Amino acid sequence: MQPVGPYRFTHMLGTCPAGKAWAAIDGQGRFVTIAVLNAAVANVPGWREAFVGTANGLAQAPGGQPFAYADFSAAEPWVAYPAEAGPGAERLFRALGQEYQPVPVEGGASAPVSGIPQQVSGVPQQVSGIPQQVSGVPQQVSGVPQQVSGVPQQVSGVPQLTSGPPPAPWALHAGPPVVPDPTPAQPVADEPQSPAAPSADVAPPHDPFAGPVRRIRPSEPPKRRTGLWVKVAALALVVAVGSGVGVWALTPDEPAGPSAPPTVGATAFPTAAAVDPPLKPWAQAAPYSPEERALAVAAPALIFVETVFTGYVRDAKTNAPVRATPITFTRRCSAFVVTPDGHALTSSACVKPTQETARQIALDTVARMLVREQKLAPAQVQEYIRTNMGTTKFTGIDPGTEPGTQIRGQLNTAKGNLTTEPAIPAQVVRALPPETGNIALIKFARGSLPVVELNPSATLAEGSSLLILGFGTADDDFRTATYRPRSKLVGITGTGRRGAESISRINQDIGTSSHGGIALDPSGRVAGMIDQDQARPDRANRVIVPSSTLNALLGQAGTANKLGDSDQLYRKALDAYFAGQHSTAIAQFDGVAQASPGNLLAKAYRQNAVERQQNESEPSDQSVWPMVLLAGAGGALAVGLIVLVVMLVRRRRDV
């Protein structure tokens, strides 16, 4: 059996008509059990859906069986369960109504089974016509279940976890091996019993075997065939060495590592500082999971945006300034880069709010100045704004001009009020008002920024889940706050409209600065943009604008979403990393880091790949020898079996 995904199989645990259970180990040395559905069964209508529905049902039931990783779209769908959670693969097959047969262990006993679950309702009861042996392809599958739609809400008959740790199928069997006695038991000769003494008046009968001459002579022992055994041993040695050399010669070379592999002397400290990205996908989600990969793909393109507005609050009739000094206020949000030359999408409310919104914020700023000057009570702030909204306007330095704006963006970790490097200036290219989308296209004055890919055909269905990504802070002081990327898995609770455009509503958010952030699909593409819910009193960031609307804005502006060369290389490096090809991943991450210095995750994943390569002892000069030794041992065993058959045939002829 070939390895599945990020796992390496160690041995088979059991079989059933629909599939097999395997013991495996992941790239970090953790043990799992994997349930693999046979390809022939998976191709029968209804079986793949039943396999998916049962795995999800067991994972969501109280006290159920959550899985670590799965690939339901593979030719042979599979699900991996942590070993410490018990025999998960066995439970899945039994929940499908299969007659599971553990693979016998040493001594002829079967592996112990604990906590056998009862049948799951709505799952196929049996598979008839499928051969019971482990090898071979099932010929026919009957009793196909009805298609499983959605995720099952309840699984009947799921067992409670048994006390005590589950048996580890890969553990060494306890107890010393039984060694047979090298000295065979010698047969005991049956000595003839002397006949009873005859009476004096009765003559004993004639005994033809009672004569003193021994009539049956034992045959001579066969001559020792020392020469034959020497020839056999020499032949076995030649076959073993020849098989090993043949395998070594035919084994393909592993991909070459980077041109300058990382080396650290025994007495030297590393010269490069460890990379510490603000968002660590492997810590936000299960390692090697689809969630980790989606975050790894999209997070580098997320960028923090700060817009500073400067202008005057004027009387609408006379154009006289309400205050002699200009009014300045700041808006902070998230954005994501969509073209290699620096175009990014964000919320219009952040970079180009409506005149009404800008005037309301400016009046709030004036009111709080009056509070500090003790000219207005704190409780009168809202009344001051309401009273002056209809009699004022917010303009630039001259009446009739737009307020001044300065837009800057920061990758990775961001600081508020930063006007110098690493802050990147930007300008608004096109913006849509709230009633037609509330989205804006801006362009940063720098290229080679990491880019994320849009998915215009993404479906935002009510009841489904989304992974959202945006900036947030835990600091109380707005002036000196530090912002970092955050992620959260949320659910879609309903839909709505903004004019002619549709929107979706979600049940959670990740902070006030997350509007303009990303809603991801499982592949790490943009399914939509996070925005404010204008129907809520708190205007929380719980609306998703679909990616189709975002793509339409790019078309109106005469540009298009496109990945750069470094973005494509980064995705190839992630593919190699998640497949366990660490040497390839290291070389490709190096190329990404040089072409796109702002992609800290490329450097971080390179660092992870180096560490895992060292832990797994990946060099090719070590990995070939186990195969060579196994091939040699197999050849010697084959010769031994042939010799044994020849000796048995000769012995029968001699008899």
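**Some points on the overall build of the protein chain**
Part 1: A tally of helices and strands in the protein chain yields 15 helices and 20 strands.
Part 2: Residues counted as buried form 42% of the 655 residues belonging to the protein chain.
Part 3: Here the contacts in the protein chain between residues at least 6 apart in sequence split such that 66% fall between residues at least 24 apart.
Part 4: With the model as given, the accessible surface of the protein chain reaches about 36,100 Å², and the carbon-plus-sulfur share is 56%.

**Notes on the packing of aromatic side chains**
Part 1: For the structure on display, the rule yields 18 aromatic pairs.
Part 2: The interplanar angle of 85° and the centroid separation of 6.0 Å between the aromatic rings of Tyr 7 and Trp 78 together place this pair among those described as edge-to-face. Taken as a pair, Tyr 7 in the segment before β1 (8-16) and Trp 78 in strand β5 (residues 78-82) lie far apart in primary sequence, 71 residues in all.
Part 3: On the basis of relative accessibility, which here comes to 7%, the residue Tyr 7 falls in the buried class.
Part 4: According to the relative accessible area criterion, Trp 78 is buried, its value standing at 6%.
Part 5: Ring centres 5.6 Å apart and planes at 70° place the aromatic pair Phe 304 and Phe 471 in the edge-to-face group. Taken together, the residues span a long stretch of sequence, with Phe 304 in strand β7 (residues 302-315) and Phe 471 in strand β15 (residues 465-472) at a distance of 167 residues. In this structure, Phe 304 and Phe 471 share a single accessibility class: buried.
Part 6: Across from the ring centre of Phe 478, 3.8 Å away, lies the NZ or CZ of Arg 332, which sits over that ring.

**Considering the sheet that holds strand β2 (residues 19-25)**
Part 1: Read across the sheet, 6 strands follow the order β4-β5-β3-β2-β1-β6 without closing on themselves; strand pairing throughout is antiparallel. Since the sheet does not close on itself, it has two edges, and those belong to β4 (69-71) and β6 (101-102), each with one partner.
Part 2: Two elements, β2 and strand β3 (residues 31-37), share 7 bridges in a ladder whose sense is antiparallel. Bridged to Ile 25 within β3 is Phe 31.
Part 3: Sheet strands touched by helix α3 (residues 88-95): β1, β2, β3 and β5. Its angle to β3, the strand with the most contacts, is close to 30°.

**Quick look at the state of the cysteines**
Simply put, the disulfide is a covalent bond whose two ends are the sulfur atoms of two cysteines.
Part 1: Scanning the model with the defined rule gives 1 disulfide in all.
Part 2: Between the sulfur atoms of Cys 333 and its disulfide partner Cys 350 the distance amounts to 2.1 Å. In this structure, the disulfide formed by Cys 333 and Cys 350 twists by about -85° around the S-S bond and is classed as left-handed. Taken together, the residues span a long stretch of sequence, with Cys 333 in strand β8 (residues 327-337) and Cys 350 in helix α7 (residues 348-351) at a distance of 17 residues.

**Describing the packing of helix α11 (residues 565-578) against helix α13 (residues 600-616)**
Part 1: Between α11 and α13, the shortest axis-to-axis distance is 11 Å and the interhelical angle comes to 25°. The angle between α11 and α13 places the two elements in the roughly parallel class. Between α11 and α13 the crossing geometry is left-handed. Together, Tyr 570, Leu 574, Tyr 577 and Phe 578 of α11 and Leu 601, Ala 602, Tyr 605, Asn 608, Ala 609 and Arg 612 of α13 make up the contact between the two elements.
Part 2: Of the residues that constitute the contact of α11 with α13, the class distribution is 8 nonpolar, 1 polar and 1 charged.

**Considerations on unusual backbone geometry**
Part 1: Cis geometry is adopted by the peptide bond preceding Pro 422, which originates at Glu 421 and carries an omega value of 10°.
Part 2: Here Pro 422 shows up in the loop between β12 (414-415) and β13 (424-431).
Part 3: Positive phi, normally seen in glycine, also occurs at Tyr 288, with a value near 65°.
Part 4: As for its placement among the helices and strands, Tyr 288 is situated in the loop between α5 (281-284) and α6 (290-298).
Part 5: One non-glycine residue with positive phi stands out, namely Asn 319, at about 65°.
Part 6: Structurally, Asn 319 is set in the loop between β7 and β8.
Part 7: A residue is classified by how much of its surface remains accessible, and Asn 319, at 27% relative accessible area, is partly exposed.

**Considerations on the pattern of salt bridges**
Part 1: According to the stated counting rule, one finds 17 salt bridges in the structure shown.
Part 2: A salt bridge links Asp 26 to Arg 30, with the nearest nitrogen and oxygen atoms 3.0 Å apart.

**Digging into the nonpolar core**
Part 1: Ranked by internal contacts, the top residues of the largest apolar core, which has 61 residues, are Ile 34, Phe 336, Tyr 570, Phe 589 and Tyr 605.
Part 2: When residues in this core are grouped by element, the largest group, 6 residues, is from α11.
Part 3: Formed by 25 residues, the second largest nonpolar core is a distinct cluster that contains Val 79, Leu 92, Leu 96 and Tyr 100.

**Concerning the pairing of strand β16 (residues 482-498)**
Part 1: Note: β12 against β16, 2 bridges, orientation antiparallel. Bridge pairing links Lys 415 to Thr 482 in β16.
Part 2: Alignment of β15 against β16, held across 8 bridges, turns out to be antiparallel. Bridged to Gly 472 within β16 is Arg 484.
Part 3: The pairing of β16 with strand β17 (residues 501-506) spans 6 bridges and is antiparallel. In the sheet register, Arg 498 faces β17, and the bridge partner there is Glu 501.
Part 4: Linking β16 back to β17 in an antiparallel pair, the connection comprises 2 residues, with Gly 499 at a positive phi of about 65°.

**Overview of the side chain of Arg 408**
Part 1: Looking at the element boundaries, Arg 408 is found in strand β11 (residues 404-411).
Part 2: Buried within the structure, Arg 408 lacks any salt-bridge partner; its nearest side chain of opposite charge belongs to Glu 306, at an N-O separation of 6.1 Å.
Part 3: Within the local environment of Arg 408, its side chain forms a polar contact with the side chain of Gln 406, the two groups lying 3.5 Å apart.
Part 4: Residues in contact with Arg 408, not counting those within four places in the same chain, are Phe 304, Val 305, Glu 306, Leu 418, Thr 419, Ala 423, Ile 424, Pro 425 and Phe 444.

**Considering the environment of Leu 460**
Part 1: Counting through the fold element by element, Leu 460 comes out in the loop between β14 (439-444) and β15.
Part 2: The spatial distance from the C-alpha of Leu 460 to the C-alpha of Ala 527 is 7.7 Å, given a sequence separation of 67 residues.
Part 3: When near neighbours in sequence (up to four residues on either side) are disregarded, Leu 460 contacts Leu 466, Ile 492, Ser 504, Ala 527, Ile 544 and Pro 546.

**Considering the packing of α11 against helix α12 (residues 582-595)**
Part 1: Running from N to C, α11 and α12 cross one another at 155°; their axes reach a closest spacing of 8 Å. Between α11 and α12, the angle is such that the two are roughly antiparallel. With respect to the hand of their crossing, α11 and α12 are arranged in left-handed fashion. Taking contact as the criterion, the partners of Ser 566, Leu 569, Tyr 570, Lys 572, Ala 573, Leu 574, Ala 576 and Tyr 577 in α11 are, on α12, His 582, Thr 584, Ala 585, Gln 588, Phe 589, Gly 591, Val 592 and Ala 595.
Part 2: The residue makeup of the contact of α11 with α12, split by class, is 10 nonpolar, 5 polar and 1 charged.

**Side note on the pairing of strand β9 (residues 343-347)**
In regular strands, side chains alternate between the two faces of the sheet.
Part 1: Extensive coverage of β9 is indicated by the burial of 5 of its 5 residues.
Part 2: Across 3 bridges, the pairing between β8 and β9 is antiparallel. Bridged to Ala 335 within β9 is Thr 346.
Part 3: Here β8 folds back onto β9, and the loop between the two strands holds 5 residues, one of which, Gly 342, carries a positive phi near 105°.
Part 4: With 5 bridges connecting them, β9 and β14 associate as antiparallel partners. Within the sheet, the bridge partner assigned to Thr 346 lies in β14 and is Ala 440.

Basis of the calculations
- Residues numbered from 1 in each chain as written.
- Predicted model: local features only at pLDDT ≥ 70, side-chain atom pairs only at ≥ 80, totals over all residues.
- Heavy atoms only, no water.
- Helix = DSSP H or I, 4+ residues; strand = E, 2+ residues; numbered from the N terminus.
- Buried < 20%, exposed > 50% of the residue type's maximum accessible area, 1.4 Å probe, protein only.
- Contact = heavy atoms within 4.5 Å.
- Areas by Shrake-Rupley, 256 points an atom, 1.4 Å probe, with all protein chains shown as cover.
- Phe/Tyr/Trp six-rings, centres within 6.5 Å; stacked < 30°, edge-to-face > 60°.
- Lys NZ or Arg CZ within 6 Å of the ring centre and 35° of its normal.
- Pairing = 2+ DSSP bridges.
- Axes fitted to C-alpha atoms, helices over the stretch in contact; angles between N-to-C directions.
- Disulfide = S-S within 2.5 Å.
- Parallel < 35°, antiparallel > 145°, perpendicular 65-115°, else oblique.
- Left-handed = near helix turned anticlockwise from the far one by under 90°.
- Nonpolar A, V, L, I, M, F, W, Y, C, P; charged D, E, K, R; others polar.
- Salt bridge = Lys/Arg side-chain N within 4 Å of Asp/Glu carboxyl O.
- Core = buried A, V, L, I, M, F, W, Y, C linked by side-chain atoms within 4.5 Å.
- Lys, Arg positive; Asp, Glu negative; His and termini not counted.
- Polar contact = N/O pair within 3.5 Å; in protein donor to acceptor, adjacent residues only side chain to side chain.

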